[in-house]
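Working through the structure, step by step
Spelled out, the chains give:
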Amino acid sequence: MALNLQEIDRERPVLIAGPTASGKSALALEIAERQGGVVVNADALQVYANWRVLTARPPDDDLARAPHALYGHVGRYEDYSVGHWLRDVATLLAGPERLIVTGGTGLYFTALTEGLAEIPPVPAEIRAQGDGMDRAEMLAALDAETRGRIDSANRARVQRAWEVLAATGRGLAGWQDDTPPPLLPRAQAQPILVDAPKDWLTPRIERRFGLMLDAGALEEARANLDDWNPALPSSRAIGAPELIAHLKDEMDLDTARVAACIATRRYAKRQRTWFRARMKGWERVSFAE
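Think of each chain on its own: its residues are numbered from 1, step by step along the sequence as written. Since the coordinates come from a predicted model, pLDDT governs what is reported: local features require at least 70, and pairs of side-chain atoms require 80 or more to be given and counted, while whole-chain, interface and lining totals use all residues. Only hydrogens and water are set aside when side-chain values are computed; all heavy atoms of the structure are taken into account.

Remarks on the pairing of strand β5 (residues 190-195)
Buried residues are those whose accessible area, probed at 1.4 Å on protein chains only, stays under 20% of the maximum for their type, while exposed residues exceed 50% and partly exposed ones sit between those limits. Helical segments are the DSSP runs of H or I of at least four residues, strand segments are the runs of E of at least two, and each set is numbered from the N terminus. Summarising burial for β5: five of the six residues are buried, a large majority. Of the strand pairs in this sheet, strand β1 (residues 14-17) and β5 are connected by four bridges, and their pairing is parallel. Bridge pairing in β5 places Ile-16 opposite Ile-192. As paired strands, β5 and strand β6 (residues 283-286) are joined by four bridges and run parallel to one another. Residue pairing across strands places Leu-193 opposite Arg-284, the latter belonging to β6. In this description, strands pair whenever DSSP reports at least two bridges between them.

This is how it looks when you write it as structure tokens:
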């Protein structure tokens, strides 16, 4: 269904989730321009300062049209968890401006509206051990309840669950069951999910990656080539490994482009799977008409 902006309450926060390249950022900006408010990033990759073009962070023209927050504020070598993000959002919620939270990281939205388990920090040596393990090995070590809840195809999610178990002796599912009240219950916000069918989204993904290359994505990758570490959270930017491989003469640019688009489509598929499972009560809108 189409979205009627006249029906959006100017006082309550707005949440806009959707797959990559689905147009959610444009919708958030339109609402902010018409009604006021701060556009707040809910994308785990757009927080990193070293990737602007490749993560499709808002350009300067958009930043000038409305206030934005939590974009590009984390350094390349820093960890930034959903807990960090929630603390940043809590500060913004305490301010005077209505928030328009938009992004594609489903875990950010569910943590915001359903709560986040208060799990002790994972020691660096356990995280380093997980970095050297195979995803299937970590998955097999998890308890059945945790395996049934996480996205088993997402290495980062599997490793996080393994780290929690290794560090605390308790499965991630058990910690989640003791989750405290949410920072922003869904009933107090206006949750919107952008529906993006595969046939509509795929050409948008391919077209956008071409535009990224035109806008300097390869030069951005070259700036990250020195001391490249694929284990860093910031290195998970979609398309970064492929462009780095091209710069290392491991594949030509056309091959890197195709591989990056495939990786983006797979990422969008994982996003849609999460949204279907965890955001059933959200209002769905579609631009694919």
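Observations concerning the layout of surface pockets
Using only the protein atoms, space was sampled on a 1 Å grid; points where a 1.4 Å probe fits but cannot get out form cavities, open sets with protein on both sides within 12 Å along at least five of seven lines form pockets, and lining residues are those with an atom within 4 Å of a point. Grid points are joined across faces, edges and corners, and a volume is the space filled by probe spheres set on the points. The space that makes up the second largest pocket amounts to roughly 920 Å³. Lining the second largest pocket we find 37 residues, and of these Thr-55, Ala-56, Arg-57, Arg-208 and Met-212 sit closest to its centre. Counting residues per element, the ones that place at least two in the lining of the second largest pocket are α1 (24-35), α2 (60-65), β4 (99-103), α10 (198-214) and α13 (253-278). Among the elements that line the lining of the second largest pocket, the one with the most residues is α10, at seven residues. Each residue belonging to the lining of the second largest pocket can be placed in one class, and the counts come to 17 nonpolar, eleven polar and nine charged. For this classification, the nonpolar set comprises Ala, Val, Leu, Ile, Met, Phe, Trp, Tyr, Cys and Pro, the charged set comprises Asp, Glu, Lys and Arg, and every other residue, Gly included, is treated as polar.

Section: the packing of aromatic side chains
The criterion for an aromatic pair is that two Phe, Tyr or Trp rings (for Trp, the six-membered ring) have centres within 6.5 Å, with stacked assigned to planes under 30 degrees apart, edge-to-face to planes over 60 apart and tilted to the rest. What the rule picks out here adds up to two aromatic pairs. With 4.5 Å between their ring centres and 20 degrees between their planes, Trp-85 and Tyr-108 make a pair best called stacked. With Trp-85 in helix α3 (residues 82-93) and Tyr-108 in helix α4 (residues 106-114), this residue pair connects regions lying 23 residues apart in the sequence. You'll find Trp-85 and Tyr-108 in the same group, each marked buried. Judged by centre distance (5.5 Å) and plane angle (90 degrees), the ring pair of Phe-109 and Trp-282 falls under edge-to-face. Taken together, the positions of Phe-109 in helix α4 and Trp-282 in the loop between α13 and β6 put the pair 173 residues apart, joining distant regions of the chain. Comment: the charge-over-ring label is applied if NZ (Lys) or CZ (Arg) is within 6 Å of the ring centre and within 35 degrees of the ring normal. We note Arg-170 situated over the ring of Trp-175; from NZ or CZ to the ring centre the distance is 4.8 Å.

As for the pattern of salt bridges
We define a salt bridge as a side-chain nitrogen of Lys or Arg found within 4 Å of a carboxyl oxygen belonging to Asp or Glu. Summed over all chains, the structure comprises twelve salt bridges. Note that Arg-170 is salt-bridged to Asp-178, the shortest N-O span being 2.6 Å. For Asp-178, a relative accessible area of 48% puts it in the partly exposed group.

Brief notes about α13
Multiplying 1.5 Å by the residue count of a helix minus one yields the expected span of that helix. Here α13 spans 37 Å end to end across 26 residues, near enough to the 38 Å set by a 1.5 Å rise per residue. Regarding α13, the residues found buried are Ala-256, Ala-260, Cys-261, Thr-264, Tyr-267, Ala-268, Gln-271, Arg-272, Trp-274 and Phe-275. The contact criterion used throughout is that any non-hydrogen atoms of two residues lie within 4.5 Å. Taken together, the buried residues of α13 touch β1, α4, β5, α10, α12 (240-247) and β6. Measuring from the backbone nitrogen of Asp-254 back to the side-chain oxygen at the start of α13 gives 3.2 Å, which picks out Asp-252 as the cap. The definition of a polar contact used here is a pair of N or O atoms within 3.5 Å, where within protein one atom must be able to donate a hydrogen and the other to accept one, and adjacent residues in sequence count solely through side-chain atom pairs.

Here's the deal with the sheet that holds β1
Overall, parallel pairing links the six strands, which are arranged β3-β2-β4-β1-β5-β6 in an open sheet. Because the sheet does not close on itself, it has two edges, and the strands there are β3 (68-69) and β6. Pairing of β1 with β4 involves four bridges; the strand directions are parallel. Each bridged residue has a counterpart across the sheet, and for Leu-15 the counterpart in β4 is Val-101.

Here we look at α4
In an α-helix, one turn spans 3.6 residues; hence positions three or four apart end up facing the same way. Judged by how many residues are buried, α4 sits mostly within the fold: seven of nine residues are covered. For α4, the complete set of buried residues consists of Gly-106, Tyr-108, Phe-109, Thr-110, Ala-111, Leu-112 and Thr-113. Looking at the buried residues of α4, the elements they touch are β1, α3, β4 and α13. Downstream of α4 by a residue or two, Gly-115 has a phi angle that is positive, lying close to 105 degrees.

Remarks on the nonpolar core
Definition of nonpolar core: a set of buried residues of the types Ala, Val, Leu, Ile, Met, Phe, Trp, Tyr and Cys, connected through side-chain atoms within 4.5 Å. In terms of nonpolar packing, the biggest core is built from 28 residues, with Leu-15, Val-40, Trp-85, Val-101, Phe-109 and Met-279 touching the most fellow members. Those elements that provide at least two residues to this core are β1, β2 (38-41), α3, β4, α4 and α13. With sequence-adjacent residues up to four places away left out, Phe-109 is seen in contact with Leu-15, Ile-16, Ala-17, Ala-42, Val-101, Thr-102, Gly-103, Met-279 and Trp-282.

Considering the environment of Val-89
Tracing the backbone through its elements, the reader meets Val-89 in helix α3. Residues Val-89 and Leu-184, 95 residues apart in the sequence, show an inter-C-alpha distance of 9.8 Å. Residues contacting Val-89, with those up to four places away along its chain left out, are Val-40, Leu-70, Leu-99, Leu-112 and Leu-183.

With respect to the environment of Ala-161
Here Ala-161 shows up in helix α8 (residues 155-168). Judged by relative accessible area, Ala-161 falls into the buried class, the value being 0%. Separated by 149 residues in sequence, Ala-161 and Arg-12 have C-alpha atoms that sit 34 Å apart. The contact partners of Ala-161, leaving out residues within four places of it in the chain, are Leu-142, Thr-146, Ile-150 and Leu-172.

It is worth stressing that arrangement in space is one thing and function is another; only the former is reported here.
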